[in-house]
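A look at the structure
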Amino acid sequence: MTQQMLADRLGRSKSWVDKTERGVRPLDRYPVIQEIARVLRVDPLALLGEHRRPPVGASPVDDGVDGIRSALARYDEHRATASVAETGRHVAHAWLTYQHAHYAQVVRLLHAAQGVRAQEPGLLVQAYRITSAVLVKLGEADLGWLAADRAVAVAGGDPALAGAATVSVGQALRALGRDRLALVATLTAARRVAPTSEAVHGALLIQAALAAAGCGDAHRAEELIERAVEVAARVAGDDPHRTGFGPGAVEAARVVAAVERGDAGEAVRRHETAVRGEAWRRLPAEYRAAYLVDAARAYLQAGDLRGAGRLLVEADGVAPAEVRCRPVARTVLAEIARAHPAPAGVARLATLVGLTR
């Protein structure tokens, strides 16, 4: 890739790229590092000059991702290897382990569930959704998008199933930096699902709001979150599609939307109140830890390395895999660990996940 090609893909000048490569212009802002890494298709840690050792337990995850990649490459029909009831138990267990962020235990799910395509599409939709969610977290958003697309295809004409699958599509597209496509997909699905499932409708509105924030449309993002607030008021804890939607998720989305549009000050202010209520404590461990990583990004953007480090350490206490396995969390951790001295707890955590100075 030439300097001009890289500049064009980043929306910057060739001179900016040249100065950055030569070290004349420092590469010291996390959002810029993340964007360059996305364009170059490398781990952001490579741009930070960090050397990695695979954390304990990484190999089963990597092996599982390779298995999922192989399974997604197959288009032939499979003979069922397990009964629908047995597969249903596997899927239910996978949701539980996912919500507790035990990702090494769920990456092999796709093989077990693919054989029930003809008998029970609903189970396969759930399997693809879990697969997509874990792949996105592990930095395999392209595969995550494919798995989510399969979920939509399997859902057929069922608006609630298709809507739940589109939540996963939105997450994968946003992880790929395709916010505008994510906005269109989630809003279209939200209109279709509104009469059939309040929780799915609300989850789609949240994804649409975050996509709008990623597009820089703060007004639309806020409008969509306010609509989600109204939906959350009507949801009475019934969430058969396991979207995690509710008042706590809406308040967390307000913070993440502010992070996505680069308003670190607003994100930090809202975070202080978002984590005080009972709704926050009811969110699954995976959801809370993922949110804390996003909140840490806000503190990092605001220049508060101590606050960012505190939140990462807290996230590690809630669900270690969120910090130790997710590339985005490891990138934030590496940036914080570069401080002299590093905030309390960060140096220990950096060592645990295999980051060195």
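Residues numbered from 1 in each chain as written. Predicted model: local features only at pLDDT ≥ 70, side-chain atom pairs only at ≥ 80, totals over all residues. Heavy atoms only, no water.

What follows covers the overall build of the chain. Each helix and strand in the chain was counted, giving 21 helices and two strands. In the chain, which comprises 357 residues, the share counted as buried stands at 50%. Of the roughly 16300 Å² that the chain leaves accessible, carbon and sulfur atoms contribute 51%. (Helix = DSSP H or I, 4+ residues; strand = E, 2+ residues; numbered from the N terminus. Buried < 20%, exposed > 50% of the residue type's maximum accessible area, 1.4 Å probe, protein only. Areas by Shrake-Rupley, 256 points an atom, 1.4 Å probe, with all protein chains shown as cover.)

With that settled, the discussion passes to helix 20 (residues 327-337). In terms of residue burial, helix 20 counts as a mostly covered element, since ten of its eleven residues are buried. Those residues of helix 20 not exposed but buried are Val328, Ala329, Arg330, Thr331, Val332, Leu333, Ala334, Glu335, Ile336 and Ala337.

To continue, consider the nonpolar core. Among the nonpolar cores identified, the biggest contains 98 residues, and Ile130, Ile206, Leu224, Phe245, Tyr291 and Leu333 are the most heavily contacted of them. The leading source of residues in this core is helix 12 (residues 198-214), at eleven residues. Residues Ala7, Val17, Val32 and Val39 belong to the second largest nonpolar core, which totals eight residues. (Core = buried A, V, L, I, M, F, W, Y, C linked by side-chain atoms within 4.5 Å.)

Before going further, it helps to examine the environment of Asp316. Structurally, the position occupied by Asp316 is in helix 18 (residues 305-318). Asp316 sits in the buried class, given a relative accessible area of 7%. Residues Asp316 and Leu349, 33 residues apart in the sequence, show an inter-C-alpha distance of 8.4 Å. Non-local contacts of Asp316, meaning those with residues more than four positions away in its chain, are made with Val323, Arg324 and Leu349. (Contact = heavy atoms within 4.5 Å.)

Applying the stated rule across the entire model yields 17 salt bridges. Glu198 serves as the salt-bridge partner of Arg234, at 2.8 Å between the closest nitrogen and oxygen. On the criterion of sequence distance, the pair formed by Arg234 in helix 13 (residues 218-234) and Glu198 in helix 12 is long-range, its members being 36 residues apart. We classify Arg234 as partly exposed; its relative accessible area is 47%. Residues Arg281 and Glu278 are paired through a salt bridge, measuring 3.1 Å at the closest nitrogen-oxygen approach. Here Arg281 pairs with Glu278, and both are found in helix 16 (residues 278-281), just three residues apart, close to one helical turn. (Salt bridge = Lys/Arg side-chain N within 4 Å of Asp/Glu carboxyl O.)

Before going further, it helps to spend a moment on the packing of aromatic side chains. One pass over the structure, following the stated rule, counts three aromatic pairs. Seen from their ring centres, Trp280 and Tyr291 are 5.3 Å apart, and the 65° between their planes marks the pair as edge-to-face. Taken together, the residues span a long stretch of sequence, with Trp280 in helix 16 and Tyr291 in helix 17 (residues 285-301) at a distance of eleven residues. You can call Trp280 buried: its relative accessible area is 10%. A cation over an aromatic ring shows up here: Arg12 above the ring of Trp16, its NZ or CZ 4.3 Å from the ring centre. We note Arg310 situated over the ring of Tyr299; from NZ or CZ to the ring centre the distance is 5.9 Å. (Phe/Tyr/Trp six-rings, centres within 6.5 Å; stacked < 30°, edge-to-face > 60°. Lys NZ or Arg CZ within 6 Å of the ring centre and 35° of its normal.)

Residue-level pLDDT values for the chain average 84, and 87% of them are 70 or greater. Of all the helices and strands in the chain, strand 1 (residues 51-52) carries the lowest mean pLDDT, 48, while helix 12 carries the highest, 96. Taken together, the stretch residues 51-60 has pLDDT below 50 and engages in 18 contacts with residues farther than four places along the chain or on a different chain. (pLDDT = per-residue confidence, 0-100.)

Helix 15 (residues 264-274) packs onto helix 14 (residues 247-260) with a crossing angle of 165° between their chain directions and a minimal axis gap of 8 Å. With respect to each other, helix 14 and helix 15 are oriented roughly antiparallel. The way helix 14 lies across helix 15 gives a crossing that is left-handed. On the side of helix 14, the interface is formed by Glu251, Arg254, Val255, Ala258 and Val259, while helix 15 contributes Glu266, Ala267, Arg270, His271 and Ala274. Tallied by class, the residues present in the contact of helix 14 with helix 15 amount to five nonpolar, one polar and four charged. (Axes fitted to C-alpha atoms, helices over the stretch in contact; angles between N-to-C directions. Parallel < 35°, antiparallel > 145°, perpendicular 65-115°, else oblique. Left-handed = near helix turned anticlockwise from the far one by under 90°. Nonpolar A, V, L, I, M, F, W, Y, C, P; charged D, E, K, R; others polar.)

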